[in-house]
Amino acid sequence: MNIEEYFGMSENPFKTTVDEKYYFQSIQHSTAFNKIKYLVDRMGGLSVLIGGAGMGKSMLSRRLIMDLNPDEYEVGLIIVIHTEIKGVWILRQIAKLMGVDSASDADPIGTISKLYEKLYELNSEGKKPVILIDEANMLTKKDQMEELRGLTNLEVQGQKLINIVLIGIPELEDSLKLDPPLAQRVTVKITLGPLQQSEIKTYIQHRLNIAKGPAGLFDEDSYNIVYNRTKGIPRLINTLCYNSMWAAKDLGVKKISADVLASVATNAFSHLGEV
Ligand SMILES: Nc1ncnc2c1ncn2[C@@H]1O[C@H](COP(=O)(O)OP(=O)(O)OP(=O)(O)O)[C@@H](O)[C@H]1O
Ligand SMILES: [Mg+2]
């Protein structure tokens, strides 16, 4: 028997994949969300979302994409999966996401001018282009940064033509330092922090509720342990709760106590070092 059957849930509530239907509007997440929304709405140009691993940056960006009305915004997401990608690849991806065919372009100049035309067209239709670049901390080459700078320079009548939101772990700041003029163009730097202690219970209940799990699964005094062992980092909360469900099943109990959580945390996080 698996934990879904054991606890009578439709699915695992504590998956560590990004699934927008589980989005929880924490104080940190909603503050960051509103700031980005405000910026892209006013064509703020370049902004940066920084947060430690597992804090919910990817979740937030997917939620934002869902929220941006396609009649008003032209939205595209790039996930950087390799440090060696060429700057021109970024340009081509952005062009593609904006509906520009750059496959036959012999050089980047052709792509840039087609992209400019497209952005100009979108601008005259009153549409706001938004490009989110997740895992942007993997951009560690100067040519990658220079390509982005070129794009942030595209303007018409003193107005930016494209919004670019760079998303990544704090090392993203080192990437920006590779190109000081680009770093200077960052309009707003948004930091995403962990959940507050007072939000832990609601977060857990929220996820349990969506997966039709038992509301009283965790003893009241276990939420403090969750906070102490995860410091409010959502991915770690999920991992801890998931492993605790298995432990409860193995013990043949239906409620998770603070003691079970504490011993699961010690085991589950022994490879992490200081959290
Ligand atoms: N606001 C939230 N609501 C619900 N679940 C969340 C939220 N934030 C994070 N999570 C959960 O935590 C896990 C990690 O989130 P996510 O992948 O977005 O983190 P990240 O900041 O992008 O991490 P990394 O830097 O490693 O890419 C996911 O399973 C996600 O479902
Ligand atoms: Mg991520």
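Residues numbered from 1 in each chain as written. Chains lettered and ligands numbered in written order. Predicted model: local features only at pLDDT ≥ 70, side-chain atom pairs only at ≥ 80, totals over all residues. Heavy atoms only, no water.

Quick notes on the overall build of the protein chain
Then, in step 1: Each helix and strand counted, the protein chain has twelve helices and seven strands in total.
Then, in step 2: Counting only C-alpha atoms and orienting by the principal axes, one finds that the protein chain spans roughly 65 × 35 × 35 Å.
Then, in step 3: Within the protein chain, buried positions represent 48% of all 275 residues.
Then, in step 4: For the protein chain, the share of sequence-separated contacts (at least 6 apart) that also reach a separation of at least 24 residues comes to 77%.
Then, in step 5: For the protein chain, the accessible area works out to roughly 12,900 Å², and carbon and sulfur atoms hold 51% of it. (Helix = DSSP H or I, 4+ residues; strand = E, 2+ residues; numbered from the N terminus. Buried < 20%, exposed > 50% of the residue type's maximum accessible area, 1.4 Å probe, protein only. Contact = heavy atoms within 4.5 Å. Areas by Shrake-Rupley, 256 points an atom, 1.4 Å probe, with all protein chains shown as cover.)

Overview of the site of ligand 1
Then, in step 1: Residues in contact with ligand 1 amount to 23 residues; listed here are only the nearest, F24, K57, S58, M59 and R207.
Then, in step 2: At 3.2 Å, a backbone N or O of K15 approaches an oxygen atom of ligand 1.
Then, in step 3: Contacts to ligand 1 include M59, whose backbone N or O atom sits 2.8 Å from an oxygen atom.
Then, in step 4: Taking 630 Å² as the accessible area of ligand 1 by itself, protein coverage stands at 94%.
Then, in step 5: When residues of the shell around ligand 1 are traced back to their parent elements, those giving at least two are α3 (57-67), α9 (200-210) and α11 (234-251).
Then, in step 6: The residue makeup of the shell around ligand 1, split by class, is ten nonpolar, eight polar and five charged.
Then, in step 7: The residues that make up the shell around ligand 1 include at least three from each of domain 1 (27-192) and domain 2 (195-268). (Near = heavy atom within 4 Å. Polar contact = N/O pair within 3.5 Å; in protein donor to acceptor, adjacent residues only side chain to side chain. Nonpolar A, V, L, I, M, F, W, Y, C, P; charged D, E, K, R; others polar. Domains from an automatic or database assignment.)

Overview of the domain arrangement of the protein chain
Then, in step 1: Split by domain assignment, the protein chain resolves into domain 1 (27-192) and domain 2 (195-268).
Then, in step 2: One C-alpha centre belongs to domain 1, the other to domain 2; they are set 36 Å apart.
Then, in step 3: Every contact between the two is made by six residues of domain 1 and, on the other side, seven residues of domain 2.
Then, in step 4: When domain 1 packs against domain 2, the two sides together hide about 530 Å² of surface, and 58% of this comes from carbon and sulfur.
Then, in step 5: Considering only the surface of domain 1 that becomes buried against domain 2, I27, G54 and M55 emerge as the three largest contributors, covering 68% of it.
Then, in step 6: One can count zero salt bridges joining domain 1 with domain 2.
Then, in step 7: On the surface where domain 1 and domain 2 come into contact, there are two residue pairs in polar contact (both at pLDDT 80 or more).
Then, in step 8: Considered class by class, the residues forming the side of domain 1 that touches domain 2 number four nonpolar, two polar and no charged. (Buried area = accessible area lost by both parts, 1.4 Å probe. Salt bridge = Lys/Arg side-chain N within 4 Å of Asp/Glu carboxyl O.)

Points about the packing of helix α4 (residues 87-97) against helix α5 (residues 108-124)
Then, in step 1: The interhelical angle for the contact between α4 and α5, taken along N-to-C directions, is 30°, at an axis separation of 10 Å. Relative to α5, α4 is oriented roughly parallel. Where α4 crosses over α5, the handedness of that crossing is left-handed. Contact residues: α4 offers V88, L91, R92, I94 and A95, while α5 offers P108, T111, I112 and L115. (Axes fitted to C-alpha atoms, helices over the stretch in contact; angles between N-to-C directions. Parallel < 35°, antiparallel > 145°, perpendicular 65-115°, else oblique. Left-handed = near helix turned anticlockwise from the far one by under 90°.)

Examining unusual backbone geometry
Then, in step 1: Positive phi, close to 50°, is recorded for M43, a residue that is not glycine.
Then, in step 2: Take M43: it is sitting in the loop between α2 (27-41) and β1 (46-51).
Then, in step 3: Phi angles above zero are rare outside glycine, and K231 is one such case at about 55°.
Then, in step 4: Structurally, K231 is set in the loop between α10 (222-230) and α11.

Some remarks on the sheet that holds strand β2 (residues 73-79)
Then, in step 1: Judged by pairing direction, the sheet is parallel, and its five strands sit side by side in the order β2-β3-β6-β1-β7 without closing on themselves. The open sheet is flanked by β2 and β7 (186-192), the only strands paired with a single partner. The average undirected angle you get between the axes of adjacent strands in this sheet is 15°.
Then, in step 2: Pairing of β1 with β7 involves six bridges; the strand directions are parallel. Residue pairing for β7: L46 is matched across the bridge by V186.
Then, in step 3: Its contacts with the sheet put α4 on β2 and β3 (128-134), and the angle it makes with β2 is roughly 145°.
Then, in step 4: Seen against the sheet, helix α6 (residues 142-152) touches β1, β3 and β6 (163-168) and runs at an angle of roughly 150° to β6. (Pairing = 2+ DSSP bridges.)

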